[in-house]
Amino acid sequence: MSNDDSSNVPDPNGRRSAVREKAQLVHARQKRARTLRRTGWAVGAVAFIAIVGTGVAMALQSQAARPDMAPANVVDDGFTVTSVNGVATDPAAAQTVDATPTPQPSASASPASESASPAPTPAPTTAGSVDIRIYVDYFAPGAKQFQIANAQQLTRWVNQDAATLSYYPVAMLSAKSNGTKYSLRAASASACVATHSPDAFFAFNNALLSQQPEQGTDGLTDQQLADLAIASGADRPKVVRDCIENENYATWVKSATDRALEGIPDTKGVALTGTPMVLVNGNPYAGALDDPKEFAQFVLTLSSDAYYKSASPTPTATPAG
């Protein structure tokens, strides 16, 4: 009698089937895992793109909703000085200004009247006072020279209503400040002061130039510009500071500079080529920037010419025959 019982021996075909089923299960699990990973990556990518897109859209919407940041109190991209209070002039420049030419006394003038002759003042025309316009880049050394040399006589002429004085902030030297675009930021800051505290504009303008940083440096920070504006007498300090630190008028300065490079209004084809560019009754000044005597003579000559050209003799009545 045989004890060989083959019912307990695994069937080779059954073993292979079991292995195949197990392999298929493993493969299916791996496939599902890969699918889930791919789906997760896709969902994550879509979510990332959606977030970025939403951020860009919000930024564009915010920019589009932002009001046109053009400064107030501006005429042809310039700011007229309304007050010259609080400006400390350079003592050396003041001594030089005292040497400006004085009118020759008449033959009947006494020695006392000669010694008491006041400093010369531009002659007013029938159309009003002489017009002085200054295009200024606050990083230009020549602009600093001109302001220091002429601040005292400019102050006197404005106070005597002998001249209207306007400054035109431009940015031509933004590449000279290690990437900080100081020229642009300083010009934007001056527009902030002219907009929100116009009576302090001349003092701030004078401070920007007399305390001008060296080219090749970073220049003043926006915070330092705001500090200087408030120290120059700007009221509404929070509004002025926010305007300066947010560089509210930087885009306007760029556009104003481009317009000046194309041509300056009310001149005979004059365009901005460098700063400072000083115009007296529309005529460019080409003399020494640090010589107030020469500039005063230029102003006096043009104001006198304008006076005599605009003056007309008063007709006299002719008696009837």
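Residues numbered from 1 in each chain as written. Predicted model: local features only at pLDDT ≥ 70, side-chain atom pairs only at ≥ 80, totals over all residues. Heavy atoms only, no water.

- As annotated in an unreviewed UniProt entry, the protein chain carries the name Thioredoxin-like fold domain-containing protein and is attributed to Microbacterium kribbense.

1. Things to note about the overall build of the protein chain
Part 1 of the argument: A count of helical and extended segments in the protein chain gives 10 helices and five strands.
Part 2 of the argument: Within the protein chain, the fraction of its 321 residues that count as buried is 36%.
Part 3 of the argument: As displayed, the protein chain has an accessible area near 18500 Å², and 55% of this comes from carbon and sulfur atoms. (Helix = DSSP H or I, 4+ residues; strand = E, 2+ residues; numbered from the N terminus. Buried < 20%, exposed > 50% of the residue type's maximum accessible area, 1.4 Å probe, protein only. Areas by Shrake-Rupley, 256 points an atom, 1.4 Å probe, with all protein chains shown as cover.)

2. Concerning the environment of L154
Part 1 of the argument: Looking at the secondary structure, you find L154 in helix 4 (residues 141-159).
Part 2 of the argument: Sequence-wise, L154 and P292 are 138 residues apart; in three dimensions their C-alpha atoms are separated by 9.7 Å.
Part 3 of the argument: Residues contacting L154, with those up to four places away along its chain left out, are I132, I134, F146, L165, Y167 and F295. (Contact = heavy atoms within 4.5 Å.)

3. Things to note about the packing of helix 5 (residues 182-196) against helix 6 (residues 201-210)
If you want to describe how two helices pack, look at the angle between their axes and the distance between the axes.
Part 1 of the argument: Relative to each other, helix 5 and helix 6 sit at 160 degrees, their axes nearing to 9 Å. One element, helix 5, and the other, helix 6, form an angle in the roughly antiparallel class. For the element pair helix 5 and helix 6, the recorded crossing hand is right-handed. Each of Y182, A186, A189, S190, V193 and A194 in helix 5 lies in contact with helix 6, whose residues at this interface are F201, F204 and L208.
Part 2 of the argument: Of the residues in the contact of helix 5 with helix 6, the class split is eight nonpolar, one polar and no charged. (Axes fitted to C-alpha atoms, helices over the stretch in contact; angles between N-to-C directions. Parallel < 35°, antiparallel > 145°, perpendicular 65-115°, else oblique. Left-handed = near helix turned anticlockwise from the far one by under 90°. Nonpolar A, V, L, I, M, F, W, Y, C, P; charged D, E, K, R; others polar.)

4. Quick look at the nonpolar core
Part 1 of the argument: Membership of the largest hydrophobic core comes to 58 residues, with the highest contact counts inside it found for I132 and F295.
Part 2 of the argument: Top element by residues in this core is helix 5. It accounts for nine residues.
Part 3 of the argument: With near-sequence residues (within four places) excluded, I132 lies in contact with L154, W157, A163, T164, L165, S166, V278, L279, V280, F295 and V299.
Part 4 of the argument: Within the second largest apolar cluster, nine residues are counted, among which are Y168, V170, M277 and L279. (Core = buried A, V, L, I, M, F, W, Y, C linked by side-chain atoms within 4.5 Å.)

5. Brief notes about the confidence of the model for the protein chain
Part 1 of the argument: Per-residue pLDDT for the protein chain averages 78, and the proportion of residues at 70 or more is 61%.
Part 2 of the argument: The low-confidence segment residues 90-119, where pLDDT is below 50, has 25 contacts with residues more than four positions distant or belonging to other chains.
Part 3 of the argument: This model gives residues 313-321 a pLDDT under 50, and the stretch forms zero contacts once residues within four places in sequence are excluded. (pLDDT = per-residue confidence, 0-100.)

6. Thoughts on helix 8 (residues 237-245)
Part 1 of the argument: Residues of helix 8 that are buried: V240, C243 and I244. Buried positions in helix 8, seen along its axis, are confined to an arc of 95 degrees and lie on one side of it.
Part 2 of the argument: Residues of helix 8 that are buried in the fold lie against helix 5 and helix 7 (222-231).
Part 3 of the argument: Residue E247 follows helix 8 closely and has a positive phi angle near 55 degrees. (Arc of directions from axis to C-beta.)

7. Notes on the sheet that holds strand 2 (residues 130-136)
In sheet architecture, strand pairing relies on hydrogen bonds along the backbone and comes in two forms, parallel and antiparallel.
Part 1 of the argument: One open sheet accounts for five strands, arranged 1-3-2-4-5; its pairing is mixed. Edge positions in the sheet fall to strand 1 (79-80) and strand 5 (283-284), since each has one partner strand and no second.
Part 2 of the argument: Taken together, the two bridges between strand 4 (residues 277-280) and strand 5 define a ladder with antiparallel strand orientation. Opposite L279, over in strand 5, you have P284 as the bridge partner. (Pairing = 2+ DSSP bridges.)

8. Points about the state of the cysteines
Part 1 of the argument: The final tally for this structure, using the stated rule, is one disulfide.
Part 2 of the argument: A disulfide bridge connects C192 with C243, and the sulfur atoms are separated by 2.0 Å. A torsion of -80 degrees about the S-S bond marks the disulfide between C192 and C243 as left-handed. Here the residue C192 occupies a position in helix 5, and C243 occupies one in helix 8, the gap between them amounting to 51 residues.
Part 3 of the argument: Overall, C243 belongs to the buried group, its relative accessible area being 2%. (Disulfide = S-S within 2.5 Å.)

9. Section: the packing of aromatic side chains
Part 1 of the argument: Enumeration according to the criterion identifies 10 aromatic pairs in this entry.
Part 2 of the argument: Geometrically, the ring pair formed by Y285 and F295 is edge-to-face, given 5.0 Å between the ring centres and 75 degrees between the ring planes. With Y285 in the loop between strand 5 and helix 10 (292-310) and F295 in helix 10, this pair connects stretches of sequence that are 10 residues apart. With respect to class, Y285 is no different from F295; both count as buried.
Part 3 of the argument: The rings of F79, Y167, F201, F202 and W252 are connected pair by pair, giving a single aromatic cluster. (Phe/Tyr/Trp six-rings, centres within 6.5 Å; stacked < 30°, edge-to-face > 60°.)

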